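Chain residues, written in single-letter form:
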Amino acid sequence: MHRLIAKQIAKATGAAGAVDIDKLAELVSSAYEELDRDRRRTDRSMSLMIEEVDTVNRNLEQLVANRSAELRARERDLHAQNVRFDVAINNMTQGLLLFDVTGRLIVCNHSYIAMYALSPEIVRPGISLRELILHRREIGSFHGDVDEYCNALSRSMLEGRTSHQQSDTPDGRTIQIVNKPVPGGGWVATHEDVTERRRAEEKIRHLAHFDALTDLPNRAMFHERLREEIARATPDRQLAVIYIDIDEFKSVNDTLGHQVGDELLKSVAGGLRRRANANEFVARLGGDEFAIMQTAIRNQAEIIDLITRVFEAIRTPFECHGHRVTTDASVGVAVAPQHGASLDQILKNADLAMYAAKTAGRKTWRFFEPAMDARVKARRALEMDMRQALLDGQFEVYYQPCVGLEDNRITGCEALVRWHHPERGMISPAEFIPVAEETGLINELGEWVLDIACKEAMTWPGDFKLAVNVSPVQFKSGTLALKIAAALAASRLPPKRLELEITEAVLIRDDDAALAILHQLRAIGVRIALDDFGTGYSSLSYLQRFPFDKIKIDRCFVNDLSTQGGSSIVQAVVNIAAARNMMTLAEGVEKAEQRELLRTLGCTEMQGFLFSRPVPAAQILALLQAAPDKAVA
Ligand SMILES: Nc1nc2c(ncn2[C@@H]2O[C@H](COP(=O)(O)O[C@H]3[C@@H](O)[C@H](n4cnc5c(=O)[nH]c(N)nc54)O[C@@H]3COP(=O)(O)O)[C@@H](O)[C@H]2O)c(=O)[nH]1
């Protein structure tokens, strides 16, 4: 019997043991009601649970759907990222490789494959470093010991050391290789073709030590080598420095153009290089200056032999753009340790010797002598004295008459400056004018001569002309035309009485600016004469550039007049001048025969000691007053 029925029967059984049927029915009925209530409760709970499970299921499904979508999106992103990564590494100019901790390849880009012309079938992820290097050796892009290389590289990666190497490929390229450990093991390798960079660096290094035009070692390299060699020089193992300055190089450049000038320098460089022996180091110091260091010299004859070869190289004519160019040089020599034991001293002394060669008329060479230093010092002293002389009025203007050859009458006078030095006495302008030009003092001095000469010419009778020398340096000042106009205005000298004597150097130095000044002066009536004609590099070409009023034939041609060639040169100049309506004045006439010959050749005027030396103002005034209109020669 069910435990509950037994319980209810027990409850409905009275004390006498009789069962109260009504009570039992009531008990059973309430038990059933209770049971119904329980079932209903259970049913409700069940349906609630089922609802809840449905909701959870729906949520789970949604979650799964969301996660799946998220995973798909991530997969797409990853794919896109991989594509971008591939594009990036395969478009790098560097070769890139990634190895895992065991030394197997994870990633390798196209540049690496292409750089060494490797097989993409072999160089694939999973291949070991050793297999890769073996493949490179087969192909010919690796020449070392494969095992040694792989072991050394693996060791340095394990030890966390980045390795840098440079390797040269058989086709002449240079590859810069960097292997760098990555956190967590393995390493990344980059291979970069640095051939162009290396060539550019080499070029920069070359340019720093070699001259770009001639490819000779430059000044910096010359000094470097010289310093080293001076330290080794002994009286038994001497060293010579030969300084070479190309004569009249500026004239070549200015008259024939820079292209010809450059070719001349290259030709000189080539000639020097070809003639140099193994113990002779040739360099270009800049501009038209070259130098040679001769080492391990046993005797002076070896130096003289080198100098002979230097002149041979420089004097060999060469053809350029239809011009046959010949040149010469001034050469200075200093010997170590005899002339100095330091770089500066030897260079200074070689320079002094070269300067001495120049002042000796160029086209020659000089060994350094201690007196040369003294001469330079004396030159500096002269410069100081000249500044003082200008302040103290130690200068005086002398005049030398010019005489017409047709009628023997004085046509005018040339103003020539003189310096009465308080201690040295009269100093020649041939000595101090070059110093005045170098220092710029010629501007002040020239202006002073012009002012004084114009004023003194106004005291002369008649309309004798006044010739005044103007230095090329004065043309550079930019105010020359103004100063001349001011001197004319202050003295009231008519411009047509003033004649300016210029040399070819005026036109060489600053062609256009100088021509403009000459035209301005011509426009106000001043006459222009070309002085020292025939002594420069390309005298005839200057006649095309400016319509000079007069050509002054240099004294060297007058000296040579008695020779056959000499008179034909003067004749040619006279003819050229006549064809251009220019007058001709012969300088330095000292003999009556020279005067007669010049007259026969048709020269217009003469000037020289034959008639008169340059004389002070008072004397020239007396001479002009005595012979204002009459024949004098
Ligand atoms: N820029 C300036 N230059 C000047 C000036 N004064 C002179 N000079 C130049 O100095 C150089 C030397 O001049 P100087 O010693 O005066 O010589 C001149 C004459 O004395 C000389 N001469 C004249 N006749 C004869 C002669 O028969 N024989 C001979 N041996 N020498 C003679 O020639 C010089 C004149 O030359 P030039 O000027 O070419 O006509 C000289 O270059 C002067 O130009 C100045 O103020 N400014």
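First, a word on what this report is: a plain description of the structure on this page. (Residues numbered from 1 in each chain as written. Predicted model: local features only at pLDDT ≥ 70, side-chain atom pairs only at ≥ 80, totals over all residues. Heavy atoms only, no water.)

Thoughts on the overall build of the protein chain
Right, so step 1: Within the protein chain, the secondary structure is distributed over 23 helices and 22 strands.
Right, so step 2: Here the protein chain holds 633 residues, and the buried ones make up 42% of them.
Right, so step 3: Sequence-distant contacts, at least 24 apart, represent 59% of the contacts inside the protein chain between residues at least 6 apart.
Right, so step 4: By element, 53% of the accessible surface of the protein chain is carried by carbon and sulfur atoms, the whole surface being about 33,800 Å². (Helix = DSSP H or I, 4+ residues; strand = E, 2+ residues; numbered from the N terminus. Buried < 20%, exposed > 50% of the residue type's maximum accessible area, 1.4 Å probe, protein only. Contact = heavy atoms within 4.5 Å. Areas by Shrake-Rupley, 256 points an atom, 1.4 Å probe, with all protein chains shown as cover.)

As for unusual backbone geometry
Right, so step 1: Of note, the amide linkage connecting Ala336 to Pro337 takes the cis form, showing an omega dihedral of 5°.
Right, so step 2: Backbone geometry places Ala117, a non-glycine residue, at a positive phi of 55°.
Right, so step 3: Following the sequence through the fold, Ala117 ends up in the loop between helix H3 (110–115) and helix H4 (129–139).
Right, so step 4: A positive phi is found at Glu248, a non-glycine position, where the angle reads about 55°.

What about the packing of helix H14 (residues 442–457) against helix H16 (residues 480–491)?
Right, so step 1: Where H14 meets H16, the closest approach of the two axes is 9 Å, and the angle between their N-to-C directions is 30°. With respect to each other, H14 and H16 are oriented roughly parallel. Remark: the crossing between H14 and H16 carries right-handed chirality. Residue-level inspection shows Glu447, Leu450, Asp451, Cys454 and Lys455 of H14 in contact with H16, the latter providing Lys483, Ile484, Ala487 and Ser491.
Right, so step 2: Residue composition of the contact of H14 with H16, by class: four nonpolar, one polar and four charged. (Axes fitted to C-alpha atoms, helices over the stretch in contact; angles between N-to-C directions. Parallel < 35°, antiparallel > 145°, perpendicular 65-115°, else oblique. Left-handed = near helix turned anticlockwise from the far one by under 90°. Nonpolar A, V, L, I, M, F, W, Y, C, P; charged D, E, K, R; others polar.)

Some words on the nonpolar core
Right, so step 1: Counting 77 residues, the largest nonpolar core has Leu466, Leu498 and Leu500 as the members making the most contacts within it.
Right, so step 2: When residues in this core are grouped by element, the largest group, seven residues, is from H14.
Right, so step 3: The contacts of Leu498, once residues within four sequence positions are left out, are Leu450, Leu466, Val468, Ile484, Leu488, Leu493, Val526 and Arg527.
Right, so step 4: Core analysis: the second largest hydrophobic core is formed by 32 residues, Ile246, Leu264, Val310 and Phe318 among them. (Core = buried A, V, L, I, M, F, W, Y, C linked by side-chain atoms within 4.5 Å.)

Quick word on the side chain of Asp328
Right, so step 1: Secondary-structure assignment places Asp328 in the loop between strand E10 (323–325) and strand E11 (329–336).
Right, so step 2: You can call Asp328 buried: its relative accessible area is 15%.
Right, so step 3: A polar atom in the side chain of Asp328 sits 3.0 Å from the side chain of Arg315.
Right, so step 4: With residues up to four places along the chain from it excluded, the contact list for Asp328 reads Asp245, Ile246, Asp247, Phe311, Ile314, Arg315 and Lys363. (Polar contact = N/O pair within 3.5 Å; in protein donor to acceptor, adjacent residues only side chain to side chain.)

Details of the packing of helix H11 (residues 343–359) against helix H12 (residues 370–392)
Right, so step 1: Contact pair H11 / H12: the axes reach a minimum separation of 9 Å and the direction vectors enclose 75°. In terms of orientation, H11 lies roughly perpendicular with respect to H12. For the pair H11 and H12, contact is made by Lys348, Leu352, Ala353, Tyr355 and Ala356 and by Met372, Asp373, Val376 and Arg379, respectively.
Right, so step 2: In the contact of H11 with H12, the residues fall into six nonpolar, no polar and three charged.

Here we look at the site of the ligand
Right, so step 1: Neighbouring residues of the ligand: 23 residues in total, closest Glu414, Arg418, Glu587, Glu590 and Phe609.
Right, so step 2: Note that an oxygen atom of the ligand is positioned 3.2 Å from one of the side-chain N or O atoms of Asn469.
Right, so step 3: Protein chains shield 83% of the accessible area of the ligand, which is 820 Å² for the free molecule.
Right, so step 4: For the shell around the ligand, the elements supplying multiple residues, two or more each, are strand E14 (410–421), helix H13 (429–439) and strand E18 (527–533).
Right, so step 5: Broken down by element, the shell around the ligand gets its largest block of residues, four residues, from E14.
Right, so step 6: Looking at the shell around the ligand, its residues break down into nine nonpolar, five polar and nine charged. (Near = heavy atom within 4 Å.)

Some points on the environment of Asn90
Right, so step 1: Its place among the elements puts Asn90 in helix H2 (residues 21–90).
Right, so step 2: Residues Asn90 and His110, 20 residues apart in the sequence, show an inter-C-alpha distance of 5.2 Å.
Right, so step 3: Here Asn90 is in contact with Asn109, His110 and Ser111, once residues within four sequence places are set aside.
Right, so step 4: Only 2.7 Å separates the side chain of Asn90 from the backbone nitrogen of His110, close enough to count as a polar contact.

A closer look at the pattern of salt bridges
Right, so step 1: Counting across every chain of the model gives 40 salt bridges.
Right, so step 2: Taking the shortest distance from any N to any O, the salt bridge between Arg284 and Asp211 comes out at 3.0 Å. Of this pair, Arg284 sits in strand E7 (residues 280–286) while Asp211 sits in the loop between helix H6 (195–209) and helix H7 (219–232); the two residues are 73 residues apart in sequence, bridging distant segments of the chain. For the residue pair Arg284 and Asp211, the accessibility class agrees, reading buried in each case.
Right, so step 3: Measuring nitrogen to oxygen at the nearest pair gives 3.4 Å for the salt bridge that ties Lys266 to Glu263. (Salt bridge = Lys/Arg side-chain N within 4 Å of Asp/Glu carboxyl O.)

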